[in-house]
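# Topology and contacts: notes
Now for the letters of each chain:
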Amino acid sequence: MSIPAWLAPGSTIKRWLLVFVLGLLIIVLGIDYLFVDLYRKVNFTGELGDFIRRVTLQGIPRGVRGVLFLALGVGAIWLSLRHMNKVIVDIMRSSMSARNRTNNTVISAAAQHKALLRGPRIVVIGGGTGMSMLLRGLRMHSRNLSVVVTVADDGGSSGRLRRELHILPPGDFRQCIAALADVEPLMADLLQYRFKEGSGLEGHTFGNLFIAAMADITGNFERAVAETSRVLAVRGRILPSTLHDVTLAAKLRDQSRLQGESVVAKGQAPIEEVFLIHTDPEGQIGQIEANPEAVEAIRDADIIVVGPGSLYTSIMPNLLVPRIAEAIAESRAQVKAFVCNVATEPGETDGYTAADFIHAIERHVHRQLFDVVITNNNHRAKLPEVWKSQVVRPGDTSTLPPELRMIETDVVDATNALHHDPRKLSELLLRLYLERRRTPDRAAGRRAAASRAEAEAATVDEEVLAGRA
């Protein structure tokens, strides 16, 4: 057992240890009064008197006796705490996820838990594999995580369940739950397991079916995600960007139009614009509204991260939901970061640079949302067997707003050039947050820049409305 660990700030255990010690002292003081009163009233003689004198070390000066008894008491307490610590850790290890077995003392586990509870409020916006990988890194730095997930997915298992059961697509929610859940690796693998055969089961993932069943039991999809998160001890909240049934549509550069996220992702011509469509139960085009919990989480965040993920099919469907982009612009978060993909996606972002990603977002939401863009500069990562992408480079940064900081650093998974490294990326985001906290004047500068961006966005919106009129 590490004594400095017990004395380290932030664990909340020291105060209760102090109360425990004070309680012992009060008990000892009471016992002392009883023995003194007994000693003064009763005259111990004979063998009993000799035994009591030997046990109480009356042949030794009182000062020396006090030090000896004090040393024996401290030694007994230290020995008991050491063995008690070992027993409790053994019990915890039998029930804890393998992800959390790195701590070998109760106090270090308690200190880590307390630190995570005090971690920054982080909101991650997007969908797909890229976002779930980032969450695996961020979960080690804070429990105050909120994930805003797209609900436009209509392909594969999610699409089938969406059409047949009339629920929101569970696929991206499943991936986030698997990334944030405090469960054994086997349970995480079970959530991601995809049935390879079986009438009606082939192609479905177990996690999707689990969430769909929970939606039927609880009565609605939002509560199903919350209850699934509770059962699997998820670190954070997973929120749909909207509770409406929306469809992603796209206009391509050749002026053709596509409808459906799975169709847009496979388009042949470059994407010019994407937009959302919501059809109400009566078949009329309805108005899309943001999930209030998602808007609140964004506005209260300390760190907002958009990406990584498919630009048009995972990121844009969130930003196009009314009030989501507005909430990002209005938020006083210390860090508003866009994490650029490390590689382009065939059919969606062929030939894109980081600057192209930012311009595409600005073109759709009519405002500047970020103060940081993170790009990868390590191009030596191992390529997958099938490589149809190009590495994403910064591009012409002179076309970006002057207050937008481009960070080029190593954030790629060295074993796969298509993926970010969760640890590298999450540590970079936390360093940026701590840096901004130490220099609060930058926050004022960012708020002024955000105000200018909002004014410009309002002007653009007026021009657009005037043009439509």
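Heads up: these notes are all about the structure in this document. (Residues numbered from 1 in each chain as written. Predicted model: local features only at pLDDT ≥ 70, side-chain atom pairs only at ≥ 80, totals over all residues. Heavy atoms only, no water.)

### Topic: the overall build of the protein chain
Going by this rule: Secondary structure elements are defined from DSSP: runs of H or I of at least 4 residues count as helices, runs of E of at least 2 residues count as strands, and each element is numbered from the N terminus. Relative accessibility decides the category of a residue: with a 1.4 Å probe and only protein chains considered, values under 20% of the type maximum give buried, values over 50% give exposed, and everything between is partly exposed. The criterion used for residue contact is that any of the two residues' heavy atoms lie within 4.5 Å.
Helix and strand counts for the protein chain come out as 18 helices and twelve strands. Out of the 469 residues in the protein chain, the part that is buried amounts to 43%. In the protein chain, the share of contacts with a sequence separation of at least 24, taken over all contacts with a separation of at least 6, comes to 71%.

### Describing the pairing of strand E9 (residues 372-376)
Where we set the bar: DSSP calls a pair of strands paired once it identifies at least 2 bridges connecting them. Handedness of a crossover is defined as follows: with both strands directed away from the viewer, a clockwise route from the first strand across the helix to the second makes it right-handed.
The buried fraction of E9 amounts to five of the five residues, a majority that puts the element mostly inside the structure. Because side chains alternate across E9, one face comprises the buried residues Val372, Ile374 and Asn376, and the other comprises Val373 and Thr375, equally buried. In this structure, strand E8 (residues 335-339) lies alongside E9, joined through three bridges in parallel fashion. Bridge assignment links alanine 337 to a residue of E9, and that residue is valine 372. Each parallel crossover has a hand, and the one from E8 via helix H16 (residues 354-365) to E9 is right-handed.

### Focus on the packing of helix H10 (residues 206-218) against helix H11 (residues 221-231)
For clarity, the cut-off: The axes are straight lines fitted to the C-alpha atoms, using for helices just the contacting stretch, and the angles between their N-to-C directions are given from 0 to 180°. If you view the pair so one helix is near and one far, a crossing is left-handed when the near helix is turned anticlockwise from the far one by less than a right angle, and right-handed when it is turned clockwise.
Relative orientation of the contacting elements H10 and H11 amounts to 115°, with a least axis distance of 8 Å. Classified by chirality, the crossing of H11 by H10 is right-handed. Residue-level inspection shows Phe210, Ile211, Met214, Ala215 and Thr218 of H10 in contact with H11, the latter providing Phe221, Arg223, Ala224, Glu227 and Thr228.

### Here we look at the sheet that holds strand E5 (residues 257-259)
Ordered by their spatial adjacency, three strands build an open sheet running E5-E4-E6, and the pairing between neighbours is antiparallel. The open sheet has two edge strands, E5 and strand E6 (271-278), and neither has a second partner. Here the average twist between neighbouring strands, direction ignored, is 20°. Packed onto the sheet, helix H14 (residues 311-319) meets strand E4 (246-252) and E6 and runs at close to 50° relative to E6.

### Overview of the nonpolar core
Our working definition: Definition of nonpolar core: a set of buried residues of the types Ala, Val, Leu, Ile, Met, Phe, Trp, Tyr and Cys, connected through side-chain atoms within 4.5 Å.
The biggest cluster of nonpolar side chains holds 100 residues, and the ones touching the most others in it are Ile238, Ile298, Phe338, Ile361, Leu369 and Ile374. With seven residues, H16 is the single largest residue contributor to this core. Other than its neighbours up to four places away in sequence, phenylalanine 338 contacts Val306, Ile315, Phe357, Ile358, Ile361, Phe370, Val372, Val373 and Ile374.

### Concerning the side chain of threonine 375
Relative to the elements of secondary structure, threonine 375 occurs in strand E9. Setting aside residues no more than four positions away along its own chain, threonine 375 makes contact with Cys340, Ala354, Pro394, Met406, Ile407, Glu408, Thr409 and Val411.

### Focus: a nonpolar patch on the surface
To keep it simple, the criterion reads: The patch calculation keeps residues exceeding 30% relative accessible area without a salt bridge and links them within 9 Å when they carry like charges or within 5 Å when they are nonpolar (Val, Leu, Ile, Met, Phe, Trp, Tyr). For accessible areas, the Shrake-Rupley method is used with a probe of radius 1.4 Å. Any residue's cover is judged against the shown protein chains and nothing else. Here a salt bridge means any side-chain nitrogen of Lys or Arg lying within 4 Å of a carboxyl oxygen belonging to Asp or Glu.
Side chains of Leu18, Phe20, Val21, Leu22, Leu24, Leu25, Ile27, Ile31, Phe35, Leu38, Val42 and Ile77 sit close together on the surface and give an oily, nonpolar patch of about 1000 Å² of accessible area. If one sorts the elements of the nonpolar patch by residue count, helix H2 (residues 13-41) sits on top with ten residues. With respect to the secondary-structure elements, valine 42 resides in the loop between H2 and helix H3 (46-55).

### Let's talk about helix H6 (residues 128-138)
With eight of eleven residues buried, H6 lies mostly within the body of the structure. Buried within H6 we find Gly128, Met131, Ser132, Met133, Leu134, Leu135, Gly137 and Leu138.

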